[in-house]
Amino acid sequence: MVLKHIFQRTLTNNIYNSWLQFKAWYRYIVPGQSSIKVMPPSEYNLVFEDRFNGDRIDSSEWRFGQPWGNFHTEQLWWYWPETDSCAKTSEDGLKLSLCLNPRVFVKNQLPEWKRSKKLPEVWTGSWCAGLISTKKAYQFGWFEAEIMIPTDFMQWSAFWLAGQDSWPPEIDIFETYYADEQLWVKPNVHFGNAGTWKDGKRDMGQPLIPLANPADRWIKYACHWTEDWIRFYYDGYLVYEMTIPMALKQNAQEQYIILNNGCENPAELGFDPAESGMLVRNLKVYQHKNWID
């Protein structure tokens, strides 16, 4: 954690989150620790559920790719297909694949709104990554899913929320990264505007949450999002609480749910990642009964 992240929080919140992270490390290093059951408050009602156990993904609830497109102008090494080629239901739940499947993009063949000045005239997206996003956006609630994440080098899997009308805001229930030859699982919250730290886009910082064998068992990842806090639960345990006023204010708008597998930039690290799959089941959204129309 860097100083700019520490100084944007209160002393009490810093101490509290340090204690939560210490307990997470203790559960990780002491044998025999187990997950616990965590549920939303009793006054919350279930408003959406998908077990991903049908023949195909429900196209009335989900879209393939991001709400704003199927590639990122600053991450051209991958793309998200507009079909179910990398996102399928299976006996184990939703499988989001990462596959080496090169696709050539030509700028002048894209719709006008996709032709960013940042784009080259022609480029190849080498990696095809599974990503689905909800067609409905939500404001506040309890969001949870049981997930097995891939643990090969360079994985960038995530379960997150993103603003319906702009970016930021963004709530990362978790993202995975590989560094120093190990997997890092981290929550985060993005807010502000794109630009410098002082005047633009900010984040809460990404605390490391160590988890035992996240690729070999189902782990429930949950987020409790209200006007007063954003709390993250892994394996049933509270692992982080975000109470930064500016972040809470900007994130208090409707956001889509996004699930994706992915990879970091192979060109920067000098080798390709392994093809992989992220598994998801039992995604649920609860909201306070007073929030529901």
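So, here's what we can say about the structure. Within every chain, residues take consecutive numbers counted from 1 along the sequence as written. Totals for whole chains, interfaces and linings use all residues, but because this is a predicted model, local features are given only for residues with pLDDT of at least 70 and pairs of side-chain atoms are given and counted only at 80 or more. Computation of side-chain values covers all heavy atoms of the structure but excludes hydrogens and water.

Remarks on the overall build of the protein chain
Right, so step 1: From N to C terminus, the protein chain includes four helices and 17 strands.
Right, so step 2: Computation of the radius of gyration draws on C-alpha atoms alone. For the globule rule, the value is 2.2 Å times the number of residues to the power 0.38. For 293 residues, the compact-globule formula gives about 19 Å, and the C-alpha radius of gyration of the protein chain, at 19 Å, lands near that figure.
Right, so step 3: Taken along the three principal axes of its C-alpha coordinates, the protein chain extends 55 × 45 × 45 Å.
Right, so step 4: Classification of the 293 residues of the protein chain by burial places 53% in the buried group.
Right, so step 5: Two residues qualify as a contact provided that any one of their heavy atoms is within 4.5 Å of a heavy atom in the partner residue. In the protein chain, the proportion of contacts linking residues at least 24 apart, taken out of those at least 6 apart, comes to 71%.
Right, so step 6: Here the accessible surface of atoms and residues is derived via Shrake-Rupley with a 1.4 Å probe, and residues count as covered only by protein chains that are part of the display. Just so you have it, the protein chain exposes about 14400 Å², and 49% of that area is on carbon and sulfur atoms.
Right, so step 7: As used throughout, the charge tally considers Lys and Arg to be positive and Asp and Glu to be negative, leaving His and the chain termini uncounted. The location of each charge is read from NZ of Lys, CZ of Arg, CG of Asp or CD of Glu. Of the charged side chains in the protein chain, 29 are positive and 35 negative; the average position of the first set lies 4 Å away from that of the second. Secondary structure counts use DSSP, requiring at least four H or I residues in a row for a helix and at least two E residues in a row for a strand, with both numbered from the N terminus. Each residue is assigned to one of three classes by its accessible area relative to the maximum for its type, calculated with a 1.4 Å probe on protein chains only: buried under 20%, partly exposed between the two thresholds, exposed over 50%.

Here we look at the pattern of salt bridges
Right, so step 1: A side-chain nitrogen of Lys or Arg and a carboxyl oxygen of Asp or Glu constitute a salt bridge if their distance falls within 4 Å. Throughout the structure, instances matching the rule amount to 10 salt bridges.
Right, so step 2: Glu 144 is paired through a salt bridge with Lys 220; the nearest N and O atoms lie 3.5 Å apart. Separated by 76 residues along the polypeptide, Glu 144 in strand 8 (residues 141–148) and Lys 220 in strand 13 (residues 219–225) bring together distant segments of the chain. As far as the burial class goes, Glu 144 and Lys 220 line up, both buried.
Right, so step 3: Here Asp 235 makes a salt bridge to Arg 217, at a shortest N to O gap of 2.8 Å. Taken together, the positions of Asp 235 in the loop between strand 14 (230–234) and strand 15 (237–242) and Arg 217 in the loop between strand 12 (202–203) and strand 13 put the pair 18 residues apart, joining distant regions of the chain.
Right, so step 4: Residue Asp 235 is classed as buried on the basis of its relative accessible area, which comes to 9%.

Points about the nonpolar core
Right, so step 1: Here the nonpolar core consists of buried residues drawn from Ala, Val, Leu, Ile, Met, Phe, Trp, Tyr and Cys, with membership extended through side-chain atoms lying within 4.5 Å. Core analysis: the largest hydrophobic core is formed by 47 residues, its most contacted members being Ile 147, Phe 159, Tyr 221, Leu 259 and Leu 283.
Right, so step 2: Apart from the residues lying within four places of it in its own chain, the contact partners of Phe 159 are Phe 143, Glu 144, Ala 145, Ile 147, Asp 172, Ile 173, Phe 174, Tyr 221, Ile 257, Ile 258, Leu 259 and Leu 283.
Right, so step 3: Core analysis: the second largest hydrophobic core is formed by 16 residues, Trp 80, Trp 127, Ala 129 and Trp 160 among them.

Here we look at the pairing of strand 7 (residues 131–134)
Right, so step 1: On strand 7, burial covers both faces: Leu 131 and Ser 133 on one face and Ile 132 and Thr 134 on the other are all buried.
Right, so step 2: Strand pairing requires that DSSP identify at least two bridges connecting the strands. Relative to strand 7, strand 2 (residues 62–64) is paired through three bridges, and the arrangement is antiparallel. Bridge pairing links Trp 62 to Thr 134 in strand 7.
Right, so step 3: In this structure, strand 7 lies alongside strand 16 (residues 255–260), joined through three bridges in antiparallel fashion. Looking at strand 16, one finds that Leu 131 is bridged to Asn 260.

Side note on the state of the cysteines
Right, so step 1: Defined by distance alone, a disulfide is two cysteine sulfur atoms within 2.5 Å. If you walk through the whole model with that rule in mind, you get one disulfide.
Right, so step 2: In this model Cys 86 forms its disulfide with Cys 128; the gap between the sulfur atoms is 2.5 Å. Handedness here is read from the sign of the S-S torsion; for Cys 86 and Cys 128, about 130 degrees, the answer is right-handed. Taken together, the residues Cys 86 in the loop between strand 3 (78–79) and strand 4 (87–90) and Cys 128 in strand 6 (residues 122–129) connect sequence positions 42 residues apart.
Right, so step 3: Here Cys 86 falls in the buried class, since its relative accessible area comes to 3%.
Right, so step 4: For Cys 128, a relative accessible area of 2% gives the class buried.

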